[in-house]
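Results of the structural survey
Read off the chains here:
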Amino acid sequence: MNFGYFRAGSACPALSVADPQFNAGKIVGLVKEASSKNVRFLVFPELSVTAYTCQDLFLQRPLQESAVSALLKITKETACENVLFAVGLPLAVKGCLYNSAAFIHKGKVLCIIPKTFIPNYGEFYENRWFTSFDQDTVSEIDVFGTGEKIPFGKNIIIQDKNDSLVRISCEICEDLWVPLSPSTMHAINGATVIANLSASNEVVGKAAYRKILVGAQSAKSICAYIYSNAGHDESTTDLIFSGHSIIAENGKIKKERKLFSETDSILYADIDLEKIHQDRIKSSTFTSSKNLSSPYTTVLVELQQNNLSLESAEKPEDIIEKHPFVPENKGQRHERCREVIEMQSEGLAKRLRHINASSAVIGLSGGLDSTLALLVTARAFDKCKINRNKIKAITMPCFGTTDRTYSNACILARQTGAELIEIDIKKSVLQHFADIGQDESKHDITYENCQARERTQILMDYANKTGGIVIGTGDLSELALGWCTYNGDHMSMYAVNSSIPKTLVRYLVDWFAGNESEKLSTVLKDILDTPVSPELLPPEKGNISQKTEDLVGPYELHDFFLYYVMRFGFSPRKIFFLAKSVFDGEKIQGRDDLYTVDFIYKWLVSFYRRFFQQQFKRSCMPDGAKVGTVNLSPRGDWRMPSDASCSIWQKELEDLSKELKC
C-alpha cells in the first residue's frame, strides 16, 4: 500500500486451552494467510499462545516454559513473512508473571509490552496470577536464554523505517476500560496505530458498549485502533467468549467481526494514516497535549515500500465514498438532510430575530440553489412566527430565461406561500450595455455579469424598500470554483447555502419533495430534473443553452476534490489516486459517457486553478451558518490569502501528467 494507506488486521485463531504448541501452529497459519493478503500488521487476542482461561495453570512452570517455546516456534516459522504481528503470552520476568504482548517480525521478537491494569472484580481474577506493570522505563530482557536482549515495557512505539506515519503501540484488554488508558499516552507520544490484545467475555449488552468504547478511544486519540478479541474456543466453565473484534479509525468503525463467528479467520482493513496525521495537525487541542508526553523507546522495523508509482499502487479495499458529503445509506441520508435543514433555518431565524426583519428577499430562478434557499427561508419564517407572505420571491427574466424555469419559479413561490414579484430586467440591462458601450450581440463575460449584477442591485434595493434582507442562494461548490459573479450573485445579506455542496443541495431539495404537499412536491421534482445553469445566454429552441457542468466540470467530481483538499489537505497526487479508484469507468452523472483517467485529471487541474484564482471572492463572502466539516468562510473555517501562489500544486500536477503518459 501507499498514499498513506496501511493494511492492518485482527486475527481470531482456533485455540486449545493450555496447549501452546497447538496454538502456535494456528497462529503461524494465520500469519501466512495475512501475508498473502498484504496485511502488514496483525493483532492476535490476549494470551493467545496459551489461552486466556488457563487460570491457576498460569502458575505452573511447564505452561510458562511451553509458552516461551511456542513463541520461539512462531518466530522461526514466520521468518519469511513480511508481517508485523502481536501475540499474547504469560512471561516470567524477575520473579513476576506478566500478561504480555510479543511483537514479531521476520523471525525476530522486536519487543514485549506487558499489561498495565489487572482486573480483579466480577468474573476476573487476574491479580491471582499476574503483576501489573506500571513503570514508564523500558528495560531489556533475554527471553530465549540466547543472550539477545529484547525491549520490555509499556512505553514502546514501533516505527516503520520507510513510512514515518506508521507508529504502532499496544495496550491489553482492561487497559482500554480504565479512565486514563495507556493508549492515550501512546497517542500523545506519536502512536498512530494502537493494538489491543483482548479476552473480553460476553454478557448481555457488553458488545454494544465495547463498540462505543473502541470507537470513542480511536476518536479522542485520533488514531487507528485494532481490537482483537478472544474467540468462542475460550468459552469454559462460567465464561462465554465471542471473538467480537473491531477495527476503528478516528471514531469510524471500519470493520467488525460478528459475535460467535467462526475462528481461524482474519478481519482486516486499510487504514488511512495520512488522514490521522492531518487531523492531528489541525487539532490544536491534540497538539497541546504534547506537554504530557513522557520518554518512549522507538523500535524500528521495515514493513512497506512508500511512494510507489500510480500503476503499482494497490487500490485500497477501504470504501472510498464517491459522494463524501452525502451518506450512502438512505436512512442516514434522510437524517443528515433533516439535520442540515434545521441548522440552515435556525441560523437564518436567529438573524431575522436579531435585526427584527419584516421581510426577506430572494431571487428565484427556478434552479436548485434558489429553490433550497426559499424552502429554508420559509422554514425560518415559521420558526419566527412570521407570515410567509413576507417572503418576497422575485423572478427576474432576461435573455437566458426559459419557460420551464420561469414557470417552476412561479409555481414554487405560490406553493410555499411567498409573495411572487416579477421584474423583467431586459430593458435595464440593455440600458446598462448602452451606458458602458457593450455590444449586446457579444456574448462574453461582461454580457453575463451585467445581468447578474443588475439582479443583485434589484434584490438589495427591494430589501431596503421592504425592511428586509437579501437571502443568498450560492452554494459551497460554486464558492470553491468561483462560479459566481463578484458583487452579483456572490453577494447577499445572509447566505443560507454557503456551507452546502452542490451534491448535497440536490438531496436536500429531494428531502423537501418527500415532506411537502403534492403540488409542491411535483414542481420540486421537475426542478431536480432541470439541468444546472445560470441561464445568462439565450436559449436554443426554447431549451437551456448554457449547462454549468459542461463548462466547469461535473459537480460530483469537484465536490470529491473539494472534500479531500479541505478536510485533510491531501496532495493532488493522492486526490487523483482516490478519484481514479472510485470514478474511472463509472458513468458521468447526467451524461451517457464514462469517466476516464484523462477526464478526471483535466478537471482536477481546473479545480486547483480556479480554487486559487477565486479566493478573493471568498475573502469577502457574506455570513452563513457552517453546517458541515468543510466550509469556505474566512470566519468559519478557511483562511487563505487571495494572492497565494499555486506553483507547488501545479508542479505536482505537471509531474503527475508526465507519470500518466509513461
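Use the structure listed above.
Conventions used here
- Residues numbered from 1 in each chain as written.
- Predicted model: local features only at pLDDT ≥ 70, side-chain atom pairs only at ≥ 80, totals over all residues.
- Heavy atoms only, no water.
- Helix = DSSP H or I, 4+ residues; strand = E, 2+ residues; numbered from the N terminus.
- Buried < 20%, exposed > 50% of the residue type's maximum accessible area, 1.4 Å probe, protein only.
- Contact = heavy atoms within 4.5 Å.
- Areas by Shrake-Rupley, 256 points an atom, 1.4 Å probe, with all protein chains shown as cover.
- Lys, Arg positive; Asp, Glu negative; His and termini not counted.
- Charge placed at Lys NZ, Arg CZ, Asp CG, Glu CD.
- Pairing = 2+ DSSP bridges.
- Axes fitted to C-alpha atoms, helices over the stretch in contact; angles between N-to-C directions.
- Expected span 1.5 Å × (residues − 1).
- Polar contact = N/O pair within 3.5 Å; in protein donor to acceptor, adjacent residues only side chain to side chain.
- Parallel < 35°, antiparallel > 145°, perpendicular 65-115°, else oblique.
- Left-handed = near helix turned anticlockwise from the far one by under 90°.
- Nonpolar A, V, L, I, M, F, W, Y, C, P; charged D, E, K, R; others polar.
- Arc of directions from axis to C-beta.
- Salt bridge = Lys/Arg side-chain N within 4 Å of Asp/Glu carboxyl O.

**Side note on the overall build of the protein chain**
Each helix and strand in the protein chain was counted, giving 20 helices and 20 strands. Along the first, second and third principal axes, the C-alpha set of the protein chain runs to 100 × 60 × 45 Å. Looking at the 662 residues of the protein chain, the share that counts as buried comes to 57%. Counted over contacts in the protein chain with a minimum sequence separation of 6, partners at least 24 positions apart contribute 73%. Here the protein chain has roughly 27,300 Å² of accessible surface; of this, 50% comes from carbon and sulfur atoms. Computed over 76 positive and 81 negative side-chain charges, the inter-centroid distance for the protein chain is 2 Å.

**Let's talk about the sheet that holds strand β10 (residues 193-198)**
The strand order β13-β12-β11-β10-β9-β8-β15 describes an open sheet built from seven strands, whose pairing is mixed. Either end of the sheet is taken by a strand with one partner, and the two such strands are β13 (252-256) and β15 (297-301). Going across the sheet, the axis of each strand differs from the next one's by a mean of 20°, ignoring polarity. Direction of pairing for strand β11 (residues 224-229) relative to strand β12 (residues 246-249): antiparallel, over a ladder of four bridges. Bridge pairing links Ile 226 to Ile 247 in β12. Strands β11, β12 and β13 of the sheet are contacted by helix α4 (residues 206-220), whose axis makes an angle of about 30° with β12. Against the sheet, helix α5 (residues 273-282) touches β9 (163-172), β10, β11 and β12, its axis set at about 90° to β9.

**Some details on helix α7 (residues 330-355)**
Quick reminder: α-helices carry 3.6 residues per turn. Residues three or four places apart thus point the same way. Over its 26 residues, α7 runs 38 Å from end to end, which matches the ideal 38 Å to within 8%, given 1.5 Å per residue. Looking at α7, one finds that the buried residues are Arg 333, Cys 337, Val 340, Ile 341, Gln 344, Ser 345, Gly 347, Leu 348, Ala 349 and Leu 352. Those residues of α7 that are buried lie in contact with α8 (368-383), β19 (468-472), β20 (494-495) and α13 (502-513). The N-cap residue of α7 is Asn 329: its side-chain oxygen and the backbone nitrogen of Gly 331 are 2.9 Å apart.

**Topic: the packing of helix α10 (residues 426-436) against helix α11 (residues 445-466)**
Where α10 contacts α11, the axes come no closer than 10 Å and their chain directions differ by 125°. Judged on the interaxial angle alone, α11 and α10 are oblique. For the crossing formed where α10 meets α11, the hand is right-handed. Facing Ser 428, Val 429, His 432, Phe 433 and Ile 436 of α10, the residues of α11 in contact are Thr 446, Tyr 447, Cys 450, Gln 451 and Glu 454. Class assignment of the residues belonging to the contact of α10 with α11 gives a composition of five nonpolar, four polar and one charged.

**Focus: helix α20 (residues 647-661)**
For α20, which comprises 15 residues, the first-to-last C-alpha distance of 21 Å matches the rise-based estimate of 21 Å (1.5 Å per residue) to within 8%. Residues of α20 that are buried include every one of Leu 653, Leu 656 and Ser 657, and no others. Seen from one end, α20 has its buried residues packed into an arc of 105°, which puts them on one side. Of the exposed residues in α20, the ones pointing more than 90 degrees away from its buried face are Ile 648 and Lys 658. In this structure, the buried residues of α20 make contact with α17 (572-583) and α18 (597-613).

**Considering the pattern of salt bridges**
Where charged atoms from two side chains of opposite charge approach closely, those side chains can pair. Inspection of the entire model under this criterion finds 33 salt bridges. Where Glu 249 meets Lys 254, a salt bridge forms, and the shortest distance between an N and an O atom there is 3.7 Å. Among the ionic contacts, a cluster of salt bridges with common partners joins Glu 342, Glu 346, Arg 379 and Lys 383.

**Quick look at unusual backbone geometry**
Its identity is not glycine, yet Phe 3 carries a phi of approximately 55°, on the positive side. The residue Phe 3 is located in the segment before β1 (5-12) in this model. A relative accessible area of 9% means that Phe 3 is categorised as buried. Phi is positive for Asn 487, which is not a glycine, with a value near 60°. By secondary structure assignment, the location of Asn 487 is in the loop between α12 (476-481) and β20. Accessibility expressed as a relative area gives 47% for Asn 487, which makes it partly exposed.

**Regarding the packing of helix α9 (residues 403-416) against helix α14 (residues 518-528)**
α14 packs onto α9 with a crossing angle of 150° between their chain directions and a minimal axis gap of 10 Å. It follows that α9 is roughly antiparallel to α14 by the angle criterion. Where α9 crosses over α14, the handedness of that crossing is left-handed. Side by side, α9 and α14 meet where Arg 404, Asn 408, Ile 411, Leu 412, Gln 415 and Thr 416 of the first sit next to Lys 519, Leu 520, Val 523, Leu 524, Asp 526 and Ile 527 of the second.

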